[in-house]
Amino acid sequence: MKTALITGVTGQDGSYLAELLLENGYRVVGMTRRSSTDVHERIEHLADQIEIVSGDLLDQSSLRNIVAQVKPDEVYNLAAQSFVPTSWAQPVLTGQFTALGVTRMLEAIRSVNPGIKFYQASSSEMFGKVHETPQNERTPFYPRSPYGVAKVYGHWITINYRESFNMFSVSGILFNHESQRRGKEFVTRKISDGVARIKLGMAKELRLGNLDAQRDWGFAGDYVRAMWLMLQQDQPEDFVIATGRTHSVRDFARIAFETAGLRYEDYVAVDPRFMRPAEVDLLRGDPTKAREKLGWEPKVSFEELVASMVTADIERLSRFVPA
């Protein structure tokens, strides 16, 4: 039986990845930071199937101890300060977690057992002010936020350890991927939650930032499958994971409101407070390499994704509406 260690197991991707690995017969160990509040809601249904250990990407010794104790075959580093606006408010902390945290984990693996396979969660935000569309594995990076800059560091240090120490360390450059488990601070979940509240009479409007920003959006459950496939290859390589289709925030809002039988024009208000200091206008990935080498294809369409998120939020919130 293979053992996998997942950092960020309580997040959207961590929960879907844990499910996938359990289905494939893995022993799954999730690393979480000590917290006075319970942040395990996304993995509650897996509580009796996975092991939880306490560790912190800011603490080198805890990472080394965990790797030595758990003896993983594979490590998936999904933990990060992953919300772009917060990276402007906390740029140094973002760098500590999202950049140097990768080095600490790689160094822990190298010192304990350099044969462990390592997956780094890279991001389409690294492309930022894009040089070409669509973006592929050879497109230059031009990050436009402290988060994007930190992810570039994490990406290159992963390559560095692969080339310097012959480690199986790979990066998945994942484009935006969403689900009903997405945090409410992200625009997609903000929209699906907002639509549900308006539908149920709990709110009257939805305030958003740049409606024209375009993203390549897919389903998180599809994307964690690509992470796993990358570590099953004979050779370590980096891959862009995307749908190859682009939609605007406006498109997302329109379909979300239509799912609830409403018109977005009647409820959406643009609020300058939600504009980024440096906007990323268009991200669209080219998943050709992943399709050809990994045999990976997204299964859930954009339209299905939006509808499922809205339906889940209406279902969740309807419990709080008086009958």
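Up top is the structure.
Residues numbered from 1 in each chain as written. Predicted model: local features only at pLDDT ≥ 70, side-chain atom pairs only at ≥ 80, totals over all residues. Heavy atoms only, no water.

Across its full length, the protein chain holds ten helices and 13 strands. Since a compact globule built from 323 residues should have a radius of gyration of about 20 Å, the 19 Å found for the protein chain is in line with a globular shape. The 323 residues of the protein chain split such that 54% are buried. Across the protein chain, the fraction of contacts at a sequence separation of at least 24, relative to all contacts at a separation of at least 6, is 79%. A total of about 14,300 Å² of accessible surface is found on the protein chain, and carbon and sulfur atoms cover 48% of it. Of the charged side chains in the protein chain, 39 are positive and 41 negative; the average position of the first set lies 3 Å away from that of the second. (Helix = DSSP H or I, 4+ residues; strand = E, 2+ residues; numbered from the N terminus. Rg over C-alpha atoms; globule rule 2.2 N^0.38 Å. Buried < 20%, exposed > 50% of the residue type's maximum accessible area, 1.4 Å probe, protein only. Contact = heavy atoms within 4.5 Å. Areas by Shrake-Rupley, 256 points an atom, 1.4 Å probe, with all protein chains shown as cover. Lys, Arg positive; Asp, Glu negative; His and termini not counted. Charge placed at Lys NZ, Arg CZ, Asp CG, Glu CD.)

Okay, the packing of aromatic side chains next. Counted according to the given criterion, the structure contains ten aromatic pairs. Seen in terms of ring centroids, Trp 217 and Phe 302 are 5.9 Å apart; in terms of plane orientation they differ by 20 degrees. Their pairing is stacked. Of the two residues, Trp 217 is situated in the loop between strand 9 (214-215) and strand 10 (218-219) and Phe 302 in helix 10 (residues 302-317); the sequence distance between them amounts to 85 residues. Taking 5.7 Å as the distance between ring centres and 75 degrees as the angle between the ring planes, the aromatic pair formed by Phe 252 and Phe 302 counts as edge-to-face. Here Phe 252, found in helix 8 (residues 249-259), pairs with Phe 302, found in helix 10; they are 50 residues apart in sequence, far enough to count as distant. For Phe 302, a relative accessible area of 3% corresponds to the buried category. Grouped by ring-pair contacts, the aromatic residues Phe 127, Phe 141 and Phe 175 constitute a single cluster. Its guanidinium or amino end placed over the ring of Phe 168, Lys 117 lies 4.4 Å from that ring's centre, counting from NZ or CZ. (Phe/Tyr/Trp six-rings, centres within 6.5 Å; stacked < 30°, edge-to-face > 60°. Lys NZ or Arg CZ within 6 Å of the ring centre and 35° of its normal.)

On to the sheet that holds strand 2 (residues 27-32), then. The strand order across the open sheet formed by seven strands is 3-2-1-4-5-6-11, and the pairing between neighbours is parallel. Bordering the open sheet on either side are strand 3 (51-54) and strand 11 (239-241), each of which pairs with just one other strand. Averaged over all adjacent pairs, the angle separating strand axes in this sheet is 25 degrees, with direction ignored. Pairing analysis gives five bridges linking strand 1 (residues 3-7) to strand 2, with the strands arranged parallel. Within strand 2, the position partnered with Ala 4 by the bridge is Val 28. Those strands touched by helix 5 (residues 146-165) are strand 5 (117-123) and strand 6 (169-174), and its axis lies near 155 degrees from that of strand 5. (Pairing = 2+ DSSP bridges. Axes fitted to C-alpha atoms, helices over the stretch in contact; angles between N-to-C directions.)

Tracing the backbone through its elements, the reader meets Ser 169 in strand 6. For Ser 169, a relative accessible area of 0% puts it in the buried group. With near-sequence residues (within four places) excluded, Ser 169 lies in contact with Leu 106, Phe 118, Thr 158, Tyr 161, Arg 162 and Pro 236.

To continue, consider the pattern of salt bridges. Following the criterion strictly, the structure yields 24 salt bridges and no others. We note a salt bridge from Arg 291 to Glu 297, for which the minimum N-O separation is 4.0 Å. Overall, the relative accessible area of 36% leaves Arg 291 in the partly exposed class. One connected set of salt bridges, linked through shared partners, spans Arg 189, Asp 193, Arg 197, Asp 313 and Arg 316. (Salt bridge = Lys/Arg side-chain N within 4 Å of Asp/Glu carboxyl O.)

This next bit is on unusual backbone geometry. Residue Pro 134 follows Thr 133 across a cis peptide bond; omega there is -5 degrees. Even without glycine at this site, Asn 166 takes up a positive phi of about 55 degrees. Inspection of the secondary structure assignment puts Asn 166 in the loop between helix 5 and strand 6. Under the relative-accessibility criterion, Asn 166 is labelled exposed at 72%.

Turning our attention to helix 4 (residues 91-112). Spanning 22 residues, helix 4 covers 31 Å between terminal C-alpha atoms, matching the ideal 32 Å at 1.5 Å per step. The sharpest bend along helix 4 comes to roughly 45 degrees, located at Leu 100. Restricting attention to buried positions, one finds in helix 4 the residues Thr 94, Phe 97, Thr 98, Ala 99, Gly 101, Val 102, Thr 103, Arg 104, Met 105, Leu 106, Ala 108 and Ile 109. (Expected span 1.5 Å × (residues − 1). Bend = angle between axes of the 7 residues up to and from the residue.)

Another point: the environment of Val 170. Looking at the secondary structure, you find Val 170 in strand 6. By relative accessible area, Val 170 is classed as buried at 0%. In sequence terms Val 170 and Tyr 76 are 94 residues apart; their C-alpha atoms lie 9.9 Å from each other. In this structure, Val 170 is in contact with Phe 118, Tyr 119, Gln 120, Thr 158, Arg 162, Met 230, Leu 231, Pro 236, Glu 237 and Asp 238, ignoring residues within four places of it in sequence.

Our focus in this paragraph is the side chain of Thr 103. Tracing the sequence through the fold places Thr 103 in helix 4. Taking the relative accessible area as the measure of exposure, Thr 103 reaches 17% and is therefore buried. Within polar-contact distance, the side chain of Thr 103 engages the side chain of Tyr 153 at 3.1 Å. If sequence neighbours within four positions are ignored, Thr 103 has contacts with Tyr 153, Ile 157 and Tyr 161. (Polar contact = N/O pair within 3.5 Å; in protein donor to acceptor, adjacent residues only side chain to side chain.)

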